[in-house]
Amino acid sequence: MKSEFIFLGPPACGKGTQTTRLAEYLRLPHIDTGSLLRAEIKNQTPAGMEAKLYIDKGHLVPVELVSKIIKNRLSQADCKNGYILDGFPRSMGQAEQLTKINNEINKDVEDYKFSAIYFDIDTDILVERIVNRRSCSKCGEIYNLAFKAPKQDGICDKCGGELTQRKDDTKEIAVSRFETYNNETAPLVEYYKNMGVLETIDANGTIDEVWKRLLDIVEKGITKV
Ligand code: AMP
């Protein structure tokens, strides 16, 4: 059985933290388009240079570019039992691309489950969360200075790496990212609900509280398409 999960929710709703944990728990690859794009930027590839123009404004990078990256990634051998997709799709066009990609990739797969999980959260607190977010430059562990601070200032508890702040985690760019989310991504909640594959979780509360709710949903079984 191949298990495919996608996650919907506004910026800083906790998807990154929870999906990383879920990927470890289910032993599936965690595929996060934001990190894939930031890696392209770091390596100064042509795709990265193009993506940077959009990321720096809090806009979505063009669908063709991100779909190509996703198709390459989902075709790799480690995705044969499924994947945890974090940050894709983020628009109707991307949702259509994902269906197309899955149809191609799964043409010889006998049995697979597709599930969309929506993190429903009170958005008032999220800009504050974004400006306090830090991540490890080595292992990617996510911290928050307000509610999940590292033991030692600027140093990752897990691997001792240096903690850095994402360039787009400023108040100005965060506001633009929320606008993009509301216009482009939020309609996908209805789209996947209508397909009968959507589960919603209350994403308010502590990391452990949300994790429990997520596990409940995952363990109760996933809608089959
Ligand atoms: P994230 O790390 O998920 O917050 O994403 C950071 C930025 O990367 C977003 O604000 C977008 O500019 C870009 N990005 C990430 N995922 C996508 C996607 N699926 N489609 C287009 N742009 C994306």
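Above: the structure in question.
K.L.:
Tell me what's going on with helix 3 (residues 46-55), and back it up with residues and numbers.
P.N.:
Buried residues of helix 3: Gly 48, Ala 51 and Ile 55, and no others. Here the buried residues of helix 3 occupy an arc of 65° about the axis, which is enough to place them on one side. For helix 3, the exposed residues lying more than 90 degrees away from the buried face are Pro 46 and Leu 53. Here the buried face of helix 3 lies against helix 2 (33-42), helix 4 (63-74) and helix 7 (171-185).

K.L.:
Outline the sheet that holds strand 3 (residues 82-86), supporting the account with residue identities and numerical values.
P.N.:
Here we have five strands laid out as an open sheet, ordered 2-3-1-4-8, and parallel in their pairing. Looking at which strands have only one partner, the edges of the open sheet turn out to be strand 2 (30-32) and strand 8 (198-202). Within the sheet, the average angular offset between the axes of one strand and its neighbour, ignoring direction, is 25°. In the packing of helix 9 (residues 207-220) onto the sheet, the strands contacted are strand 1 (2-8), strand 4 (112-120) and strand 8, and the crossing angle to strand 8 comes to about 155°.

K.L.:
Break down the site of the ligand for me, with residues and values.
P.N.:
Not every one of the 16 residues close to the ligand is listed here, only the nearest: Thr 33, His 59, Gly 87, Arg 90 and Gln 94. In this structure, Arg 90 approaches the ligand through a side-chain N or O atom, which is 2.7 Å from a nitrogen atom. For the ligand, whose unbound accessible area comes to 480 Å², protein coverage reaches 95%. Classifying every residue of the shell around the ligand by side-chain character gives six nonpolar, five polar and five charged.

What counts and how
Residues numbered from 1 in each chain as written. Predicted model: local features only at pLDDT ≥ 70, side-chain atom pairs only at ≥ 80, totals over all residues. Heavy atoms only, no water. Buried < 20%, exposed > 50% of the residue type's maximum accessible area, 1.4 Å probe, protein only. Helix = DSSP H or I, 4+ residues; strand = E, 2+ residues; numbered from the N terminus. Arc of directions from axis to C-beta. Contact = heavy atoms within 4.5 Å. Pairing = 2+ DSSP bridges. Axes fitted to C-alpha atoms, helices over the stretch in contact; angles between N-to-C directions. Near = heavy atom within 4 Å. Polar contact = N/O pair within 3.5 Å; in protein donor to acceptor, adjacent residues only side chain to side chain. Areas by Shrake-Rupley, 256 points an atom, 1.4 Å probe, with all protein chains shown as cover. Nonpolar A, V, L, I, M, F, W, Y, C, P; charged D, E, K, R; others polar.

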